[in-house]
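Each chain, letter by letter, is given below.
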Amino acid sequence: MSTEPAAAEGHPGPADTDAPRAGEGAEATGPEETAAEEGAGTPDPAETDDGAETDDGAGAAAAEPATEGEGVSEAAAEIAAQRELQERIAQRKAAKEGPIAAGGKLSGTAADLLAAVRAVESGERPAAVFSEPAPAPRKVVAEPVRRAPAAAPAGPAEPAAEAVDAVRALLAEGGAPASLAAPAAATLGEGADSALRDDPWQLLRIPGVRPEQADGFARALLGAECGPGDERRGRAVTVWLLEQAAVAGHTALDAPQLAEALGKRAVPDPDEAVQSAIAEGDALVFQDALEEPPGGPARAPESAQETAAQDGSEDGSEDGSQDGDEAERPVRVLVGLERYALAEESLADGLARLVNSLSKEDSSQALADWEPAAAAAGGSTAELIRAAAGHGLVLHTGAEAARAEPAALVQAAARLGLRVCAAAHSLDGRRRLAEHFGPGAPEGTAVTVSGLLSGAEGPGRDRDGALAVDLLVVLDAPQLDVETAAMLAESLPDGARLVLSGDPSVLWSAGPGRVFADLLTARVCPRIVSRTPDPGPVGELVSGIGVGELNEVAAPGKEVVIVPVRDAAEAIHRAVQLVADSVPRAIGVPSEQTQVITPGHGGAAGTRALNAALKERLNPGPGRFGGFDPGDRIAYVPAPGRTVPGRVVRADADGLHLDCAGTPVVVPQDAVERTVRHGWALTAHQAVGLRWPAAVVVLPGDATQALSRPWVYTAFGRGERHLSVVHGADSALPRAVAEVPAKPRTTRLQTLLRAQVPPAQ
C-alpha cells in the first residue's frame, strides 16, 4: 500500500470529541465482532454492531421497527411474514409427528375412488358398478397480478395500563427498574405480574436484562427460598445463553459448550438445567452424526446420552448394540431454540424441494433454449447461465464487479419469457443492480430482499401465495440469516430457479446462521466462481486481503492513502480533516459522499466520538430534535441487521422526518432513540452491502482485538474510487489479515441438506 500521507495533512490539533461513556471500550460488538461469552461462544455485548443501541436495556436483536408511511409497511409486513412462516413451519412439524391415516388427506375424485375401492374389498358393492371417471377439465390459471404494497398490519397490542402498573409495583418490590414494566408486560402477556412472582427469573426474557440482575430480583422476592440450584433459574439461564448465542450468529450450541457456560453462571447441575429447558419446550436437542470427528469422538453429556437413548428406543433394537458400527458412530449433540431450529429445517426442506423439483426433461430443454444466450455471453457469465438453466439452485461467488454476471443472467432469462426478479440486501445495492439493467427493465425487476418478502416490491404472489417468479437471483447472499433465507425458499414455487450470489469474504449476516457459507461447503449444487476482478488499486488491495495478504499497491492517483496516527484523539482529528478537506480537494469526492468506518460504537474513536466530531465540523447545531438537526447524516435501522443511510429533513409532532435514498420516512418520537443514530461514521457491519465513492477507515489502537480478515475486507471494500486508512493499529492490521479468519458459527444446515440432497457432481 502507498504510505504517502494525504495532501495538506498538517499537525493534529486538540481532540474535538466528547469523552467516551464510562465503561466503553473499543469493542466491536456485531455478530462477527463480539467477544465470546465465558467459554460458550456467546456474546456479552454492551452494544451491538447493527446500528441499534442497547445501553438503555433494549437489545438490538429485539429492537422492533417503528416507522410510518412506507417505512412501517415494509418493516411491519416483514415481521408479519416471519410470523406467518413460523406458524406454517410449526403446523407442518405437528403434521409430521402425528399419525397419518391412509387416504386421510385425499379429497374430491381421489377420495371417492378410495371409498369405492374399499367398498368393493369389503363386499358392500360389486366391482361392476364402478366406471372409469371422466378426465377432469383442464384448469385455466389466470396470470398472477402484481399486488399493491402490503398495508402495515396492526402491531402487537399495547399492554393495558393496569397490567403495566401491576408489573411496576412488583418490580419496585424486587428492586428492579420501573422502566422494565412496559416491556415485561408486553413480553410476558396477560398476568405478567403473577408470572414474575411465580418465577422471578422470567425477567431474563426481557431484552437487556442479565442473569445477575434477575438473581437480585429473585432474592428480593423469594428471600431464603432463592438459590443458584433453583430449577427455574437453571432453565431461564439456559434459554438466555441460547439467545445470546443467536446474537453471535449461532443457531445452536454444542451440549458440552452450553454445559460449561452454565457452570460458569453458577448453575450447579448444568445437565439437569438443559433437560428442564428441553422438557418445558424452551429448547430442542439434536444429534448430528460426525463423519470424521477431529481427535476422536467426544463424549456427550450424560443427560444428552439419555435423551438420545429415549429418542432411539423405537428403532427395533432392544439393547442398542444390534449394529455395532452404528452404535459406535460418534454424534454431535446440539441444543438450540425452537425458533431457529425450525427455520433451519424449513430452509433445508425448501432448498431440497427446489433442487429436486426441476425434472431432467425440463433441464435438457432449458439448456437448449438458453444456450444461445450463454454462447453470446462467454466466460463465467456463460457458465452461470448454463448452470441456472439446468439446476434449481445455483451459487455464484464474486466481488462488486461480478454483479454484472447475475444481472446478465436475469436479462437473458427475461428475453426467454421467464418471470424474473433480482433482490439485493440494501437500497444502495438495489440501485447498483438496477444500473446493470438500464432504464428499460420492467418494473419490479430489481428489489430489496425485505421489500420482496413484505410485498412492497417485486412481482407479487400467485393464488397459492408463492412468489410469481420463474427465476429469483439474490445478491449479497452472505447477508441472509436462516429466517430470511427460509422465507425466501418457502416462497418460491415448484420448478422455480434460485441463484444466490455474493462475496464469501465479507462479514456474515447480522442474524443467526451462515447460510451462504454452509451451502458453499455442503456442495449440493453447482458453484460458479466469477473471473471478473474489481478494477483499480482499491480492487487490487481488497482482492489480496481476501486471500490473507496485505499487499502494497501502486496508487498514482492517491486511490489508496495511509495516514499513520499515534492515539485516538489524533485519529479523530485526521478522519475529520480527510472527510471535510483533503478528500474533496485532492480526490474530488464531496464530504456527503465520503463514509467513515470504524470497528465499534464505543471507545475513544468509535462511531459516537467520530459522529460528534464530524457533526461539529460539517453540520453544527444544538440537536433540537432528540440530538438531531436538519441536514444531519443518519443511520436508520428499521429492523435488526438492516441499516439505511439517510438525512434528517425536519421534525414535528409526528416524529423525525428522514430522506432515505429518496424515500421519505417518518420515525415516531418514541422510536428515534432506538432506531436512529448519526451516520457520518458507521461500523463495518452497518456498512456491509453499501458502497460510497470514498471511504475513510479508522483503525484506533484500542480496537485491535476487533480486527479480522472479514472485517478488514469489508471495511476496505466500501470505497469505489478512494480509500484512506487512518492507521493506529500497528502490526495488528497485517496480523488480522493473515491470521484471524471469521469466527466460527454453530449451525445445522449442512447436515440437514446432505440428508436430503445428494452431493453435486
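Scanning the protein for helices and strands turns up 27 helices and 21 strands. Scored against the burial criterion, the 761 residues of the protein give a buried share of 52%. When contacts within the protein are restricted to residue pairs at least 6 apart in sequence, those whose partners lie at least 24 apart make up 75%. For the protein, the accessible area works out to roughly 33,800 Å², and carbon and sulfur atoms hold 51% of it.

The contact between helix H15 (residues 404-415) and helix H16 (residues 427-437) brings their axes to 9 Å, and the two run at 55°. On the basis of their axis angle, the class for H15 and H16 is oblique. For the element pair H15 and H16, the recorded crossing hand is right-handed. Where H15 abuts H16, its residues Ala-404, Ala-407, Val-410 and Gln-411 lie against Leu-433, His-436 and Phe-437.

Okay, helix H13 (residues 360-377) next. Counted at 1.5 Å a residue, the expected span for H13 with its 18 residues is 26 Å, and the 24 Å between its end C-alpha atoms agrees. The sharpest bend along H13 measures roughly 45° and falls at Trp-370, with the proline Pro-372 sitting one to four residues further on. When H13 is considered as a whole, its buried residues turn out to be Ser-363, Ala-366, Trp-370 and Ala-374. On its buried side, H13 packs onto helix H14 (379-390), H15 and strand E10 (497-502).

The next thing to look at is the pattern of salt bridges. Under the defined criterion, the tally for this structure stands at 32 salt bridges. Among the salt bridges present, the one from Arg-403 reaches Glu-400, with a minimum N-O distance of 3.8 Å. Several salt bridges converge on common partners, so that one network encompasses Glu-400, Arg-403, Asp-428, Arg-431, Arg-432, Glu-435, Asp-476 and Arg-691.

Turning our eyes to something else, we now look at the sheet that holds strand E5 (residues 331-336). Pairing within the open sheet is antiparallel, and its three strands lie in the order E3-E5-E4. Edge strands, defined here as strands with exactly one partner in the open sheet, are strand E3 (253-254) and strand E4 (284-289). The pairing of E3 with E5 spans two bridges and is classified as antiparallel. Each residue of the ladder has a partner; that of Asp-254, found in E5, is Leu-334.

For the rest of this paragraph, the subject is the environment of Val-164. As for its placement among the helices and strands, Val-164 is situated in helix H3 (residues 161-174). Classification of Val-164 as buried rests on a relative accessible area of 10%. Residues Val-164 and Pro-183, spaced 19 residues apart in sequence, show a C-alpha to C-alpha distance of 8.8 Å. In this structure, Val-164 is in contact with Pro-159, Ala-181, Ala-182 and Ala-185, ignoring residues within four places of it in sequence.

Spanning 17 residues, helix H7 (residues 231-247) covers 25 Å between terminal C-alpha atoms, matching the ideal 24 Å at 1.5 Å per step. With 14 of 17 residues buried, H7 is to be regarded as a mostly interior element. Of the residues flanking the start of H7, the one acting as N-cap is Asp-230, its side-chain oxygen 2.8 Å from the backbone nitrogen of Arg-232. In the stretch just after H7, Gly-249 is the one whose phi turns positive, near 105°.

This part covers the sheet that holds strand E6 (residues 393-397). Ordered in space as E8-E7-E9-E10-E6-E11, the six strands form an open sheet in which the pairing is parallel. A single partner strand is all that each edge strand has here, and the edge strands are strand E8 (446-448) and strand E11 (527-529). Across the sheet, the mean angle from the axis of one strand to that of its neighbour is 20°, orientation sign disregarded. By the bridge criterion, three bridges tie strand E7 (residues 420-424) to E8 in an arrangement that is parallel.

Before going further, it helps to examine the side chain of Asp-254. Inspection of the secondary structure assignment puts Asp-254 in strand E3. Among the polar contacts made by the side chain of Asp-254, one reaches the side chain of Arg-332 at a distance of 2.8 Å. Not counting the four nearest positions on each side in its chain, Asp-254 is found in contact with Arg-332, Val-333, Leu-334 and Thr-746.

Now for the packing of aromatic side chains. In the structure shown here, the tally under the stated rule is zero aromatic pairs. One residue, Arg-748, lies across the ring of Phe-286, its end atom 4.0 Å from the ring centre.

This paragraph deals with the confidence of the model for the protein. Of all residues in the protein, 74% attain a pLDDT of 70 or more, and the chain-wide mean is 81. Below a pLDDT of 50 lies the segment residues 99-110, which in the model reaches six contacts outside its immediate sequence neighbourhood of four places, other chains included. Per-residue pLDDT stays below 50 along residues 125-156; that stretch engages in 43 contacts with residues further than four places along the chain or on separate chains.

Counting residues in each nonpolar core, the largest one holds 86 residues, and the members touching the most others are Leu-472, Leu-498 and Leu-500. Among the elements that take part in this core, H7 stands out by supplying eight residues, more than any other. If sequence neighbours within four positions are ignored, Leu-500 has contacts with Val-394, Leu-395, His-396, Val-474, Ala-477, Leu-480, Phe-516 and Leu-519. Of all hydrophobic cores here, the second largest spans 34 residues; its members include Val-506, Leu-507, Leu-682 and Leu-733.

This brings us to unusual backbone geometry. Although it is not a glycine, Ala-266 sits at a positive phi angle of roughly 65°. Locating Ala-266 in the fold gives a position in the loop between helix H8 (255-264) and helix H9 (270-279). One non-glycine residue, Asp-730, lies in the positive phi region at around 55°. When you line up the elements, Asp-730 lands in the loop between strand E21 (719-727) and helix H26 (732-739).

Thresholds, definitions, all that
The written sequence of each chain sets the order in which its residues are numbered from 1. Only residues with pLDDT of at least 70 are given local features in this predicted model, and only at 80 or more are side-chain atom pairs given and counted; all residues enter the totals for whole chains, interfaces and linings. Side-chain measures here rest on the full set of heavy atoms in the structure, leaving out hydrogens and waters. Helical segments are the DSSP runs of H or I of at least four residues, strand segments are the runs of E of at least two, and each set is numbered from the N terminus. A simple rule labels every residue: compare its accessible area, found with a 1.4 Å probe on the protein chains alone, to the largest value its type can have, and call it buried under 20%, exposed over 50%, or partly exposed in between. Should any heavy atoms of two residues lie within 4.5 Å, those residues are counted as being in contact. Under the convention used here, a 1.4 Å probe and the Shrake-Rupley method define accessible areas, while residue burial counts only the protein chains that appear. Axis geometry follows a simple rule: fit a line to the C-alpha atoms, using only the stretch in contact for helices, then measure angles between N-to-C directions, giving values from 0 to 180 degrees. Note on angle classes: values under 35 degrees are labelled roughly parallel, values over 145 roughly antiparallel, values of 65 to 115 roughly perpendicular, and the remainder oblique. Handedness of each helix crossing follows the sense of rotation of the near helix against the far helix: counterclockwise by less than a right angle gives left-handed, clockwise gives right-handed. An expected span of 1.5 Å times one less than the residue number is assigned to each helix. Fitting axes to the seven residues ending at a residue and to the seven starting there, one defines the bend at that residue as the angle between these axes. Any Lys or Arg side-chain nitrogen found within 4 Å of a carboxyl oxygen on Asp or Glu counts as a salt bridge. Two strands are said to pair when DSSP picks up at least two bridges between them. Here a polar contact means two N or O atoms within 3.5 Å. Within protein one must be a hydrogen donor candidate and the other an acceptor candidate, and residues neighboring in sequence count only if both atoms are side-chain atoms. Two aromatic rings from Phe, Tyr or Trp, using only the six-membered ring of Trp, form a pair when their centres are within 6.5 Å; if the ring planes differ by under 30 degrees the pair is stacked, by over 60 it is edge-to-face, and anything between is tilted. Two conditions define a charge located above a ring, namely a distance within 6 Å from the ring centre to NZ of Lys or CZ of Arg, and an angle within 35 degrees of the ring normal. Residue-level confidence of the predictor is what pLDDT reports, using numbers from 0 through 100. Residue types Ala, Val, Leu, Ile, Met, Phe, Trp, Tyr and Cys, when buried and joined through side-chain atoms within 4.5 Å, form a set referred to as a nonpolar core.

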